[in-house]
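An overview of the molecular structure
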Amino acid sequence: MEQNQMGQNIKPIEIVNSDYDEYLHVSYSFTNTCNYDCNYCWPVSKEGTHRFPDYDMLIKNMDHMLGIYRNHFNKKTIRMNLLGGEPTLWPRLGEFVEWCHTNYNCRVTMSSNGSRTLRWWKEYCHYFDDIQISVHHEYADLNHIKNVLDEIYSRGDIMTAAQVLIDPLHWDKCINILEDLSNHPVPWLVKSRVVMDLEDKNIRSEYNEDQLEFLTDKVKRIPPKEYVQRMRDLGKIQNSERANAIIKFNDGTEKQYNTFEVWKNQWHKFYGWECNLGVDRVTIHPSGAIAGSCSATNIFNSDTTYNILDPEFATKFTPEIIKPMVCREIFCSGCSSDIRLTKKKNV
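A few points on the structure. Counting from 1, residues in each chain are numbered in the order their sequence is written. Where totals are concerned, whole chains, interfaces and linings use all residues; where local detail is concerned, this predicted model gives features only for residues with pLDDT of at least 70, and gives and counts side-chain atom pairs only at 80 or more. The side-chain figures draw on all heavy atoms in the structure; neither hydrogens nor water molecules are used.

A few words on the state of the cysteines. Throughout, disulfides are identified as pairs of cysteine sulfur atoms within 2.5 Å of each other. For the structure on display, the rule yields 0 disulfides. Take C34: it sits in no disulfide, and the sulfur closest to it among the cysteines is that of C41, at 6.5 Å.

Moving on, we come to the side chain of T33. Here T33 lies in the loop between β2 (23-29) and α1 (55-72). According to the relative accessible area criterion, T33 is buried, its value standing at 9%. The contact rule is simple, with two residues in contact once any of their heavy atoms fall within 4.5 Å. Contacts of T33, omitting those with residues within four sequence positions, involve S45, G48, H50, R51, G85, E86 and L89. Under the DSSP-based scheme used, a helix requires at least four consecutive residues in state H or I and a strand at least two consecutive residues in state E, with every element numbered from the N terminus. For every residue, the accessible area obtained with a 1.4 Å probe (protein chains only) is divided by the maximum for its type, and the residue is called buried under 20%, exposed over 50%, and partly exposed between those limits.

Looking at the secondary structure, you find I133 in strand β5 (residues 130-135). The sequence separation of I133 and G252 amounts to 119 residues, and the corresponding C-alpha distance is 40 Å. Filtering out sequence-adjacent residues up to four positions away, I133 remains in contact with S112, N113, G114, W121, I145, V148, L149, A161, A162 and Q163.

Following G84, the chain continues into G85 via a peptide bond in cis, with omega recorded as 10 degrees. Along the chain, G85 falls in the loop between β3 (77-83) and α2 (93-104). Phi angles above zero are rare outside glycine, and N105 is one such case at about 45 degrees. In this structure, Q266 is a non-glycine residue whose phi angle is positive, near 55 degrees. Relative to the assigned elements, Q266 resides in the loop between α9 (259-264) and β11 (274-275).

Okay, the side chain of K236 next. Position of K236 among the secondary structure elements: in the loop between α7 (225-233) and α8 (241-244). Under the rule applied, a polar contact is a pair of N or O atoms within 3.5 Å (in protein, one hydrogen donor and one hydrogen acceptor; residues adjacent in sequence only if both atoms are side-chain atoms). Within the local environment of K236, its side chain forms a polar contact with the backbone oxygen of D157, the two atoms lying 3.5 Å apart. If we ignore the near neighbours within four places in the chain, the residues touching K236 are R107, D129, D130, D157, M159 and M231.

What follows concerns the sheet that holds strand β1 (residues 12-17). Taking strand neighbours across the sheet as the criterion, the 6 strands line up as β10-β9-β1-β16-β11-β15 in an open arrangement whose pairing is antiparallel. Strands with a single pairing partner mark the edges of an open sheet, and in this sheet they are β10 (254-256) and β15 (325-326). For two strands to pair, DSSP has to find at least two bridges joining them. As judged from the 3 bridges shared by strand β9 (residues 245-249) and β10, these two strands associate in the antiparallel manner. In the strand pairing of β10, K248 is matched with E254.

For this document, the term salt bridge refers to a Lys or Arg side-chain nitrogen within 4 Å of an Asp or Glu carboxyl oxygen. This model, assessed by the stated rule, comprises 14 salt bridges. Across the pair D37 and K46 runs a salt bridge whose closest N-O atoms are separated by 2.8 Å. K46 sits in the partly exposed class, given a relative accessible area of 23%. Salt bridges linked by common partners bring D167, R204 and E206 together as one network.

Another aspect to go through is the pairing of strand β6 (residues 159-166). Each regular strand shows side chains that alternate between the opposite faces of the sheet. Across the 8 residues of β6, 8 count as buried, placing the element largely inside the fold. With strands facing away from the observer, any crossover in which the path from the first strand over the helix to the second runs clockwise is taken as right-handed. In this region the chain leaves β5, passes through helix α4 (residues 142-154) and returns to the parallel neighbour β6; the handedness of that crossover is right-handed. Pairing between β6 and strand β7 (residues 189-194): 6 bridges, direction parallel. Considered in β7, the bridge of A162 is made with V190. Note that the unit made of β6, helix α5 (residues 171-182) and β7 has a crossover that is right-handed.

With that settled, consider the environment of E86. Checked against the element boundaries, E86 lands in the loop between β3 and α2. Judged by its relative accessible area of 2%, E86 is buried. Taking C-alpha positions, E86 is 8.2 Å from S111, a pair spaced 25 residues apart along the chain.

Next up, the structure:
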């Protein structure tokens, strides 16, 4: 834990993130079916109990929900992040993304393991604004992944990245993969990512200090500045949540937010804090339930659960329900974006 000059423990008391003032982030895991079985993956992401949603019901209710956020909460931009399971297994994926673009001008990001054929990627990758290919050492075919990333990057209008999951139990293998991808001549973005302990929802304890230091900056290769600027001009790169988030401390100081630093210092204990989870960011689970990515069920500060696939969703989900929640989780561990949401400690 960091200390000030008087030796008093510095503790966070508030996070302010203006990046969410005019946009809503929707993280949608519409399936928990996956063709991989990675050792560090959350069990709920691969148990195969939910194949794919009822498309017509999904569109009807998604239109209702996004309309409320746009018309009542000034959410001018919708960022839709599609997850799984493995999202590319859904036959109607392209159709859904096209609807998102046409009706809400969504910026659509997808995280995929890249395992579909190169022919599939040539046919469907144009639907997306940003594609993150997650690289898993147990299953990854690096030659195939490079071909997929090259194809996406060559389109010139899709932000393209490889994200290598660094398993501390197979450190050398993962680092070799990271270096191999970083040395590939086509200069798409390369990032590393820590894996979490599935029990205590914190960074895996097997990492040593040198490894944690190496992983503090997750960006390992940046594309040429001309490419990055083109992506910005096209609106494919969002404003950095990390850059706009400020963390404030009990000694009156504040600093730019760094997610890894928060994890490392175990500052992500927000139990009892007021959090803008349901106001600025919603997660839709494979069952259709709207909750936090941390699995918080009181996302709107109520124990009522709303389901995007409920035939009566439009009568239940109204503007009045959307309000900050009081956190009940010991750790904020759903994802780094949840940790960066505006929140404050209740005195």
